[in-house]
Amino acid sequence: MQNNNIKFLKIAHQLAKSKSSKTFPSPTVGCVIVNNKKIVAKGVTGIGGRPHAEEIALKYYNKSMKNSKLYVTLEPCFHKSRNGSCAKQIINSNIKEVFIASKDPDLRTHGRTINLFKRNKIKTTVGLTKELTEDQNKFFFYSVKHKLPFVKVKMAISKDFKIAKKNYESKWISNYLSRQYGHKLRYNSQAILTTAKTIIHDNPKLTVRLKNKKTIYKNIIVIDKNLKIPLNSKILVKNKKRKVFIFTNKNNKKAKELDKLGCKIIFLKIKKHDFNLKEVLKKIYKLNITNLLVEAGGIFFSNLFKANLVNELHLFRSEKKIGINGKDFLYNISFTKIQNQEKQRKNFKKDLYQYFYLR
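Since the model is a prediction, treat every value here as computed from it, not as a measurement. (Residues numbered from 1 in each chain as written. Predicted model: local features only at pLDDT ≥ 70, side-chain atom pairs only at ≥ 80, totals over all residues. Heavy atoms only, no water.)

1. A closer look at the environment of Lys-218
Cut-off, in case you're wondering: Helix and strand definitions here come from DSSP, where helices need a minimum of 4 consecutive H or I residues and strands a minimum of 2 consecutive E residues; each element is numbered from the N-terminal end. Per-residue accessibility, obtained with a 1.4 Å probe over protein chains only, is compared with the maximum for each type, and a residue is labelled buried under 20%, exposed over 50%, and partly exposed between these values. By the convention used here, residues are in contact when the closest approach between their heavy atoms is within 4.5 Å. In protein, a polar contact requires one atom able to donate a hydrogen and another able to accept it; more generally it is a pair of N or O atoms within 3.5 Å, and residues adjacent in sequence count only if both atoms are side-chain atoms.
One can find Lys-218 in the loop between strand S10 (216-217) and strand S11 (219-223). Look at Lys-218 and you get buried, because its relative accessible area is 11%. When the C-alpha atoms of Lys-218 and Val-244 are compared, they prove to be 9.2 Å apart, with 26 residues separating the residues in sequence. Not counting residues up to four positions away in its chain, the partners in contact with Lys-218 are Ser-21, Arg-186, Tyr-187, Ser-189, Gln-190, Ile-192, Val-208 and Arg-242. A polar atom in the side chain of Lys-218 sits 2.9 Å from the backbone oxygen of Tyr-187.

Here it is in structure tokens:
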């Protein structure tokens, strides 16, 4: 019997997976309603987080059916929504049994819906396939708990742990396959965080370019305390599909020019010669950004890592060597400290891909 319940929950997880990266800042949730061991309705979170998966499934569900079961990957919302909470909608639907993979970490719901179901004599089982929900929505669980975005870092390094030559040459350390993987990382992120230094030396577009798909524009956040970003940078081309946020300490003529280009300027005080990175991330979280990819240099990554603000590191190590005068991957951090966090390896032909889950 339990195998059937797990089977239907896994179908709900597959539905949720189909909307990965499209529901930010909300989690992606899947829901199926089953009657006599057959799926009679299903739903998945809408783009941007609305409508909820349960709302969609219930829309196609015939309330006259008896003894139906609802399977959902995350605890249905308890708080108010446009059509009333999902919890209330389920109670009004004549559903007699509910299977919830994981509790919602949001305190507006956490455990409250489960208790409400039990008070209304709806048999409720919680925890089957919990790990699938938490893995699929790890950014959501982390951001709700810490009030910070989930931070991923992508870096390509040489065999001798350098990111570029001293003059910032050696742009393509990685190969085609690893660059495609990098674009998938961008696609599965809500925004990209970088620095003015990276913009000045690389002038990247920071777009998502996947095979057979249109170019996708993610929101960009730039750390630029002295406002050195060139006005002709590729990321500053006016585009209604993306927003550019710039953190700076300067309120000058250039700030006004950037504002005219459509950038959102966020002024922040400098502490000990630089920004407090945790404070920066808190402000990013308040922008409703919960899943962040960092594409910057070794100094910025090292500062994030030392501040304990990196959740995942996606590292590509090439067979190429740059030499002693190259730009370092890490500054004042032991590489073995990161190596010990290694979870898996994949071979991208001549690139060694290493994924580290740091938190």
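2. So, the nonpolar core
Convention followed: Take the buried Ala, Val, Leu, Ile, Met, Phe, Trp, Tyr and Cys residues and link them wherever side-chain atoms come within 4.5 Å; each set so joined is a nonpolar core.
Residues Ile-221, Phe-247, Ile-284, Leu-292 and Phe-301 are the most contacted members of the largest nonpolar core, which totals 59 residues. Leu-292 has contacts with Pro-149, Phe-150, Val-151, Lys-152, Ala-191, Ile-192, Leu-193, Ile-221, Leu-281 and Ile-284, leaving out every residue within four places of it along the chain. Counting residues in each nonpolar core, the second largest holds 15 residues, with Leu-227, Ile-235, Val-244 and Ala-255 among its members.

3. Side note on helix H4 (residues 112-119)
Applicable threshold: An arc is given here, and it is the one of the directions from the helix axis to the C-beta atoms.
Looking at H4, one finds that the buried residues are Thr-113, Ile-114, Leu-116 and Phe-117. Taken down its axis, H4 places every buried residue within 160 degrees of arc, on the same side. Packing partners of the buried residues in H4 comprise helix H3 (86-91), strand S4 (97-100) and strand S5 (123-126).

4. Considerations on the sheet that holds strand S1 (residues 30-35)
Put simply, the rule reads: For two strands to count as paired, DSSP must find a minimum of two bridges between them. In this description, a line fitted to the C-alpha atoms serves as the axis of each element, helices being fitted only across the stretch in contact, and the angle between N-to-C directions of two axes falls anywhere from 0 to 180 degrees.
Spatially, five strands are ordered S2-S1-S3-S4-S5 in an open sheet, and the strand pairing comes out mixed. Each of the sheet's edge strands pairs with one partner strand only, and the pair in question is strand S2 (38-44) and S5. With strand direction ignored, the average angle separating the axes of adjacent strands in the sheet is 15 degrees. Alignment of strand S3 (residues 69-72) against S4, held across four bridges, turns out to be parallel. Following the sheet pairing, Val-72 is matched in S4 by Ile-100. Contacting S4 and S5, H4 runs over the sheet at an angle of about 150 degrees to S5.

5. A closer look at the side chain of Asn-311
Considering the arrangement of structural elements, one finds Asn-311 in the loop between helix H11 (298-306) and strand S15 (312-317). A polar side-chain atom of Asn-311 sits 2.7 Å from the main-chain amide nitrogen of Val-151.

6. Quick word on the packing of aromatic side chains
Put simply, the test is: Stacked, tilted and edge-to-face pairs are distinguished by plane angle, under 30 degrees for stacked and over 60 for edge-to-face with tilted covering the rest, among Phe, Tyr and Trp rings (Trp via its six-membered ring) whose centres lie within 6.5 Å.
Using the criterion set out here, one finds seven aromatic pairs in the structure. Their ring planes at 45 degrees and their centres at 5.3 Å tell us that Phe-8 and Tyr-71 sit as a pair that is tilted. With Phe-8 in helix H1 (residues 2-17) and Tyr-71 in strand S3, the pair connects residues that are 63 residues apart, well separated along the chain. Looking at Tyr-71, the relative accessible area reads 1%, which means it is buried. With 6.0 Å between their ring centres and 85 degrees between their planes, Tyr-142 and Phe-150 make a pair best called edge-to-face. With respect to burial, Tyr-142 and Phe-150 carry one shared label: buried. One aromatic cluster in this structure is built from Phe-8, Tyr-71 and Phe-99.

7. Digging into the state of the cysteines
Heads up, the condition is: Whenever a pair of cysteine sulfur atoms sits within 2.5 Å, that pair is classed as a disulfide.
According to the stated counting rule, one finds zero disulfides in the structure shown. In this structure Cys-86 is a free cysteine whose sulfur lies 3.7 Å from that of Cys-77, the closest cysteine sulfur available. Residue Cys-86 is classed as buried on the basis of its relative accessible area, which comes to 0%.

8. Comments concerning the pattern of salt bridges
Pairing between side chains becomes possible if they bear opposite charge and their charged atoms approach one another. As a reminder of what qualifies: Each salt bridge in this description consists of a side-chain nitrogen of Lys or Arg and a carboxyl oxygen of Asp or Glu lying within 4 Å of one another.
Under the criterion given, the structure shown has nine salt bridges. The shortest N-O distance in the salt bridge between Glu-97 and Lys-69 comes to 3.9 Å. Taken together, the residues span a long stretch of sequence, with Glu-97 in strand S4 and Lys-69 in strand S3 at a distance of 28 residues. Across the pair Lys-130 and Glu-134 runs a salt bridge, and its minimum N-O distance is 3.8 Å.

9. Re helix H10 (residues 277-286)
All of the buried residues in H10 are Leu-277, Val-280, Leu-281 and Ile-284. Along H10, the residues classed as buried sweep out an arc of 95 degrees about the axis, all on the same side. Where H10 is buried, its residues touch strand S6 (150-157), strand S8 (191-195), S11, strand S12 (244-248), strand S14 (291-294) and H11. Just past H10, the residue Asn-288 takes up positive phi, approximately 70 degrees.

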